[in-house]
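Survey of secondary and tertiary structure
Chain by chain, the residues:
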Amino acid sequence: MSANSIRRHILLPLSFTLLLLLATFLFSIYQIKLKEIDAALHQHYETAQTLSLELRNERAVQMSLALELLARDPHLQHVMDSGDRERLNEYTRPLFEEVLEPNGISHLYFHLPDLSVFLRSHKPDFYGDPIGRLTLRQAAEEDRLSSGVELGPLGTFTHRVVLPWHAAGELIGFIEAGEDVDLFMGRLRESLGIEYVVAVEKRFLNRDLWEQGMALRGRTADWERFDDHVILDQSPARLPEGFAAALDLDHAEHLHQAFEMTLNGRTLRGRLLPLRDAAGVDIGDVLLLLDVTDKIELFNRSMILGTLLTLSLGGVLFGFSYVMLGRTARQLQQAQDRLMREFEATRQANDLLEEEMAERQRMEAALREARDDLEERVLRRTGELQQALHEARQARERIDAILRSVGDGLLVVAESGEVLLVNEAARALLNLEEVVVAGRPVEDLLHAQGLPPRLRQALSAESREQVFDVEMLDAQGARRIIEARASTIHGQDEQERDGLLILCRDVTQARMIDRMKSEFISTVAHEFRTPLATVLGFSELLLSRDDFTPEQRREFLTYIFEKADALAAIVDDLLDLSRIESGREIELCKEPSAPDQLFLPVIRDFRLQHPDAEFEVALAPSAADLLVDRRKSAQVMENLLSNAVKYSPGKRRVKISGYAEGAYYQVLVRDWGMGMTPEQQARVFEKFYRADSSNVAVSGTGLGMSIVKHIVEAHGGRVWLESAPGEGTSVYFTLPLAIAVPNSPEHASSARSLSPS
């Protein structure tokens, strides 16, 4: 490869890459500079908005103070009240020209209570016309100081302050002061060092009045200059180029855009500020302009100087690289010639080596044939051994899989009493997780479980299968009932017995359910017997005798009705339990209901039934009704009140309270009765469970709390309790609201107490 070829392949791509990087760098720097300029413009924009608001507030305070001083002058009050316009003008004209106008107040009005102009101190010849401006209307309607910037009929944009004028407690009129926005914009320009242009939309102006107002202010009125806007005020002598295009943009878009314009050879960057009147209506725009000519010229000079310096350094680097690449190309050519000579000598040596290698390869081929034959024999034998091992492993895996898949505990005991096999379920059931069991006597492993005596009987018995229950304690010390099924294992001879296969299953829950059902049947029979005896006894008396008075017959029928109602309640509980046991949902007919309408009738019935009990009721009203099944919700309250009354000896006291929180209404039923232990609390919601099932215990079926839990959860709520022996029981439950309300427990403390009559 020649020196020119090397230079062409290296220098040309490198030079192009450097030029591209330089162009990219210059473009990026230019964009960054524009962003800096726009950031400075945005800062002026934000400062202008803040300063504008501060200046308006400051001027409003100053003008309101001036109006307060005028309103407190008794001479002015007397003249205004007497309706003497000339004397009022005589008093206020010098004050306006010598004090107010030099301080920027360009308008001073005195209005009658009917909002018509009584006197214009700045134009005393014009009066009597009605004024409908927003600031004046607000002052009249609210009877307080009102201020705001409003567009006048002559196109003047004025900052106005209106004060209701009272004398001896009566409204005698209004005093209004105003300041032209031209003066205000002049102060803003002096504070920020920016230019501005004020443009108002034509639809808010009357052309004739606007042209008349511009003539009075000594300004040129060009109504046709723009399609939709006219210029009220501008700080530069002429408008910058591009201003008309900015006004034509959509109003919601151009407020956030920066515009670049030229004026007298200077470059300006500007943004539009919305022009709003006191009613908050956008009636035009204020263009704020920042002169960035010097910044851009300084930046351009820096860019040109940096580019020239970079190109000069690049040219020097290019020349240096051109010379060095030529020298390197010559050195490469010399090295290439030397390598060619060495390559020829190496090729001749390789020919000799190839002849020697060919002979060596023939000898290696013979050795490979002998080795391949030996490897084939070894592989064949190895394959046979691996197949036998694989079949044995599969058989073992099948046995292990069968043992793992058995859900019950499985224990294999030899005829001699040694444990041969235990699956994982049996380990967990018999507390043998950390024990080595294979080969150990069964009595050593299970001495604490009560199984060895029964297993010895099974080993000595002649029957093929035995089933028995064993009671034991689990790892946590809880009592468990294990059902063991022992089957004989026979060898090849059916008469010969090799051991026992024992299947163990935890039947604690099943036995407990059987016991609970037995207790439930006994309890229900007892609960049915008492009311049935009353019904049958009094019915028999009524049928067999006719000598009872009407009062006695009514008393007997009342007894029969009350006991029949008690039987109906037990039957309803049983029907609800039947639905729950069959897996069906409790049928609910939801409708909106207020808390007091839902629960107070139930509480009233209990008060009548138990006049010796004290009921405290505090159901806080809710912004939304409960969305519940009224009958089922009343059943929840009945069951809880029944328990609270039954389990409260002596002077019985029951508290019922409730409040809304989020999407639910939470209710508390509190008693100060016998209370419950932690064990009783853990089982209180179980079916058929009664804390005291003795013959002297409080009557009941043990279904009340279970049915309460299912009804509340069917509504989407929850139920829980807090209790301690001797301290009573607190039962909480929640029911859904039709809509969520922002209530909290703090609201409940201030809720009214509801006491049913």
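Described below are features of the structure shown in this document. (Residues numbered from 1 in each chain as written. Predicted model: local features only at pLDDT ≥ 70, side-chain atom pairs only at ≥ 80, totals over all residues. Heavy atoms only, no water.)

Along the protein, the regular secondary structure elements total 19 helices and 21 strands. Considering the protein as a whole, with its 757 residues, one finds that 38% of them fall into the buried category. Partitioning the intrachain contacts of the protein with sequence separation of at least 6 by distance along the chain shows that 60% fall at a separation of at least 24. Total accessible area on the protein is roughly 44,300 Å²; 54% of this is exposed by carbon and sulfur atoms. (Helix = DSSP H or I, 4+ residues; strand = E, 2+ residues; numbered from the N terminus. Buried < 20%, exposed > 50% of the residue type's maximum accessible area, 1.4 Å probe, protein only. Contact = heavy atoms within 4.5 Å. Areas by Shrake-Rupley, 256 points an atom, 1.4 Å probe, with all protein chains shown as cover.)

With that out of the way, let us pick up helix H18 (residues 704-714). Along H18, the residues classified as buried are Gly 704, Met 705, Ser 706, Ile 707, Val 708, Ile 711 and Val 712. Immediately beyond the C-terminal end of H18, within one or two residues, lies Gly 716, with a positive phi of roughly 95°.

The next point concerns the packing of aromatic side chains. Going through the model one piece at a time under the given rule, you end up with 4 aromatic pairs. Geometrically, the ring pair formed by Phe 110 and Trp 165 is tilted, given 5.9 Å between the ring centres and 45° between the ring planes. In this pair, Phe 110 sits in strand S1 (residues 107-111) while Trp 165 sits in strand S4 (residues 157-167), placing the two residues 55 residues apart along the sequence. Measuring from ring centre to ring centre gives 6.2 Å for Phe 599 and Phe 733, while their planes differ by 80°; the resulting arrangement is edge-to-face. Note that Phe 599 is positioned in helix H15 (residues 595-609) and Phe 733 in strand S21 (residues 728-741), a separation of 134 residues in sequence. For the residue pair Phe 599 and Phe 733, the accessibility class agrees, reading buried in each case. (Phe/Tyr/Trp six-rings, centres within 6.5 Å; stacked < 30°, edge-to-face > 60°.)

A separate point is the pattern of salt bridges. If charged atoms from side chains of opposite charge come close, those side chains can pair. Overall, the coordinates contain 23 salt bridges when judged by the stated rule. For the salt bridge of Glu 179 with Arg 59, the shortest nitrogen-to-oxygen distance reads 3.3 Å. Of this pair, Glu 179 sits in strand S5 (residues 170-180) while Arg 59 sits in helix H1 (residues 3-71); the two residues are 120 residues apart in sequence, bridging distant segments of the chain. Considered together, Glu 179 and Arg 59 belong to a single accessibility category, that of buried residues. In this structure, Glu 344 and Arg 347 form a salt bridge, with 2.7 Å as the shortest nitrogen-oxygen distance. With a gap of 3 residues between them, Glu 344 and Arg 347 both fall in helix H9 (residues 293-405), about one helical turn apart. Glu 344 sits in the partly exposed class, given a relative accessible area of 36%. It is possible to trace a salt-bridge network through shared partners that takes in Arg 133, Arg 160 and Glu 176. (Salt bridge = Lys/Arg side-chain N within 4 Å of Asp/Glu carboxyl O.)

Inspection of the secondary structure puts Ser 657 in strand S19 (residues 653-671). Remark: the alpha-carbon pair of Ser 657 and Leu 619, spanning 38 residues in sequence, is separated by 5.0 Å. Once residues within four sequence positions are removed from consideration, Ser 657 is found in contact with Ala 618, Leu 619, Gln 666, Val 667 and Leu 668.

Turning our eyes to something else, we now look at the sheet that holds strand S3 (residues 146-151). As summarised here, the arrangement of the 5 strands in space is S2-S1-S5-S4-S3, forming an open sheet in which the pairing is antiparallel. Looking at which strands have only one partner, the edges of the open sheet turn out to be strand S2 (117-120) and S3. Mean inter-strand twist for the sheet, computed between neighbouring axes without regard to direction, equals 25°. Judged from the 10 bridges that link them, S4 and S5 form a sheet pairing that is antiparallel. Bridge pairing links Trp 165 to Gly 173 in S5. Those strands touched by helix H3 (residues 85-100) are S1 and S2, and its axis lies near 45° from that of S2. Against the sheet, helix H4 (residues 134-142) engages S1, S3, S4 and S5, with an angle of about 155° to S3. (Pairing = 2+ DSSP bridges. Axes fitted to C-alpha atoms, helices over the stretch in contact; angles between N-to-C directions.)

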